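# Reading the structure
So you can see what is in the structure, the chains are spelled out below.
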Amino acid sequence: MQKNEDPLKKIISHAKEYGFVFPSSEIYDGLSATYDYGQMGVELKNNIKQYWWTAMVKMQENIVGIDAAIFMHPTTWKASGHVDAFNDPLIDNKDSKKRYRADVLIEDYLAKIEAKIDKEVAKGLNRFGDQFDEAEFRRTNPNVVRNATKIEEINKRFKKALEEEDLKDVKALIEELEIADPVSGSKNWTDVRQFNLMFSTELGSTADGASTVYLRPETAQGIFVNFLNVQKTSRLKIPFGVAQIGKAFRNEIIARQFIFRMREFEQMEMQFFVKPGTELKWYEYWKSFRINWHKALELGDENYRFHDHLKLAHYANAAADIEFDFPMGFKELEGIHSRTDFDLKAHEEFSGKKLQYFDPEENKNYVPYVVETSIGLDRMFLAVFSSCLKDEELEDGSSRVVLNLPPALSPIKAAILPLIKKDGLPEKAREIFGTLKYDFSIQYDEKDSIGKRYRRQDAIGTPYSITVDHQSLEDHTVTIRERDSMKQERVAIDSLYAIIEERASFRNVLKKI
Ligand code: ATP
């Protein structure tokens, strides 16, 4: 597939047509960057959560889960730095009236120079073949060196301008680089302003003296403020982790690319508390665990890459993203951050409460260091959905649309289909439905021809279609059709539970991590 807008369009329309994702409040023309998950979407989303929770909590001796409130005491966000610094620099184009993130405009500009370098390197490889020494080429080729220096200089100046809150210089940089509005081509820009991404609202009635509260922009702080509650009540010893899945809200300046960047989204985060000095070892451990978690789904190892952060947030001493090859190219799917003791120390300072751990081996108190893994559930949904949606040409010249999800993630594990709507076949099919419904999500479908029903199940990713025919009434067997190979085998009805359990449960995926 080509990396343009088209593949995303196809994904959006398939997601809508088959009940995975709808635009929010669509009858009122929708609300930008907000989406609703439909009858299939909610199942896929729940399965992704279950996969994460099982791997990160249930399978771990020393990790427990919590579910903290979305509203938190407003001082939480002072301490975490979000009130003062959770900003994006925004800029408007006066002609097109479009709004952009100034940092994104500059990053896109840098990406274009980077692409020129890559092109030059590819030319070199073509010319020199096996003899090609890429490192040497990058050091000495004049075009590459000139462009690399340019990137470095722009980066340095941009970083300095942001650090010093010199927004005038950010604008000057955009003008000097002659960056144009990607939509209109206009270079007529407003000044750059800082824009805080937190949504705020009032708690209590105004008469009582309402106070401003925020919708949490990340779930992590709910874990930090509960650090001692969990440690004391669970009696966990360091190193240990606390995990949480929940909604987060960010007033993103530009939210586009479907469910990749939303204003209301869900995060799956785990904070791992460790002894100071051991954090980089644990950081490596979690990087490797998390990439294995992704790869165990077998969506294609080539779809993932690490992006190590060179520019670190003020609280981090190491950070990397796991990037996924989305239809619009490689983008951040998950972050793994070594957050030092920044958050716990800040909460100690602002709350006046000690947030320390007594280490019996060391016989002393300390504020633990934290390694965090943070993945957006909706981005994971998009990664899975977009990489599994295929247009297939079949041997007989026809084609089909198939969503070849890992069976454990499929919304429906098996469809039960009576071949025809009479002769006692629906009754037999419903009897099978009745035995499997307690353990699996199963769909009963008797409408349309069997071929059409198979296609419908292919499009929603059902791995197994079970057809009940006249022979079923005689010998208590059915055919089971496998989605990807489209092969059918005849099996005893009594063996269905074991077959689905073996092939469509998470066990075999989890064992690969
Ligand atoms: P980005 O640079 O893409 O804005 P971020 O670095 O701000 O992301 P984090 O604060 O590290 O993101 O959040 C952790 C994870 O939460 C991200 O890896 C991503 O999967 C998810 N996430 C963040 N913002 C959004 C959003 N607006 N919509 C959907 N998912 C998001």
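If you're wondering where the values come from, they're calculated on a predicted model, not measured in any experiment.

### Some remarks on the environment of G329
Its place among the elements puts G329 in strand β13 (residues 329-340). Overall, G329 belongs to the buried group, its relative accessible area being 13%. G329 sits 26 residues away from N303 along the chain, and the two C-alpha atoms are 9.8 Å apart.

### A look at the packing of helix α7 (residues 142-163) against helix α8 (residues 167-176)
One can describe the packing of α7 onto α8 by two numbers: an axis separation of 9 Å at closest approach and a directional angle of 155 degrees. For the element pair α7 / α8, the angle class is roughly antiparallel. Side by side, α7 and α8 meet where I154, R157, F158, A161 and L162 of the first sit next to D169, V170, A172, L173 and E176 of the second. Counted by class, the contact of α7 with α8 contains seven nonpolar, no polar and three charged residues.

### Regarding a nonpolar patch on the surface
A grouping of I70, F71 and L203 is seen on the molecular surface, where their side chains present a nonpolar patch of about 250 Å² in accessible area. One can find I70 in the loop between β3 (63-65) and α3 (75-79). For I70, a relative accessible area of 30% corresponds to the partly exposed category.

### Topic: the pairing of strand β4 (residues 87-92)
With five of six residues buried, β4 lies mostly within the body of the structure. Relative to strand β6 (residues 193-196), β4 is paired through four bridges, and the arrangement is antiparallel. If you follow P89 over to β6, its bridge partner there is Q194. Summarising the sheet, β4 and strand β5 (residues 99-101) pair through three bridges and their orientation is antiparallel. Pairing of I91 across the sheet is with Y100, part of β5. Counted between consecutive antiparallel strands, the loop separating β4 from β5 contains six residues, among which K97 sits at a positive phi close to 65 degrees.

### Observations regarding the pairing of strand β17 (residues 389-393)
Side-chain direction in a regular strand flips from residue to residue, so the side chains alternate between the two faces of the sheet. Examined bridge by bridge, β17 and strand β18 (residues 399-403) share five bridges and lie antiparallel to one another. Bridging across to β18, D391 finds its partner in V401. The loop that links β17 with its antiparallel partner β18 comprises five residues; one of these, G397, has a positive phi angle of about 90 degrees.

### A closer look at the domain arrangement of the protein chain
Along its sequence, the protein chain is carved into domain 1 (1-72 + 214-391), domain 2 (87-196) and domain 3 (394-510). Regarding the contact of domain 1 and domain 2, the summed buried area is about 700 Å², with carbon and sulfur atoms giving 66% of it. Contact with domain 2 buries area across many residues of domain 1, yet I253, I254 and K311 alone supply 76% of it, more than any other trio. Run the count over domain 1 and domain 2 and you get zero salt bridges. Joining domain 1 to domain 2, the criterion identifies zero residue pairs in polar contact (both at pLDDT 80 or more). Classifying every residue of the side of domain 1 that touches domain 2 by side-chain character gives two nonpolar, one polar and three charged.

The rules we used
- In this convention, every chain numbers its residues from 1, walking through the sequence in written order.
- This being a predicted model, a pLDDT of at least 70 is required before a residue's local features are given, and a value of 80 or more before pairs of side-chain atoms are given or counted; all residues contribute to the totals for chains, interfaces and linings.
- Values shown for side chains rest on all heavy atoms present in the structure; no hydrogens or waters enter the calculation.
- Under the DSSP-based scheme used, a helix requires at least four consecutive residues in state H or I and a strand at least two consecutive residues in state E, with every element numbered from the N terminus.
- Exposure categories follow from relative accessible area, calculated using a 1.4 Å probe and restricted to protein chains: below 20% of the type maximum is buried, above 50% is exposed, and the middle band is partly exposed.
- Simply put, an axis is a line fit to the C-alpha atoms, just over the touching stretch for a helix, and the angle between two N-to-C directions goes from 0 to 180 degrees.
- Any angle that is under 35 degrees is reported as roughly parallel, and any over 145 degrees as roughly antiparallel; angles of 65 to 115 degrees are reported as roughly perpendicular and all others as oblique.
- In what follows, a contact means two residues having at least one pair of non-hydrogen atoms within 4.5 Å.
- Asp, Glu, Lys and Arg are counted as charged, while Ala, Val, Leu, Ile, Met, Phe, Trp, Tyr, Cys and Pro are counted as nonpolar; the rest, among them Gly, fall into the polar class.
- Exposure above 30% relative accessible area and the absence of a salt bridge qualify a residue for a patch, where like charges join within 9 Å and nonpolar side chains (Val, Leu, Ile, Met, Phe, Trp, Tyr) within 5 Å.
- In short, Shrake-Rupley with a 1.4 Å probe defines the accessible areas, and a residue's cover is counted only from the protein chains shown.
- Salt bridge, as applied in this entry: a Lys or Arg side-chain nitrogen positioned within 4 Å of an Asp or Glu carboxyl oxygen.
- In this analysis, strands are considered paired if DSSP registers two or more bridges between them.
- Residue ranges assigned to each domain were obtained from an automatic or database domain assignment.
- Note: buried area is the sum, over both parts, of the accessible area (probe 1.4 Å) each one loses when the two are combined.
- Whenever a nitrogen or oxygen atom comes within 3.5 Å of another N or O atom, the pair is scored as a polar contact, on the condition that within protein one atom can donate a hydrogen and the other can accept it, and that pairs from neighbouring residues in sequence are kept only if both atoms are in side chains.

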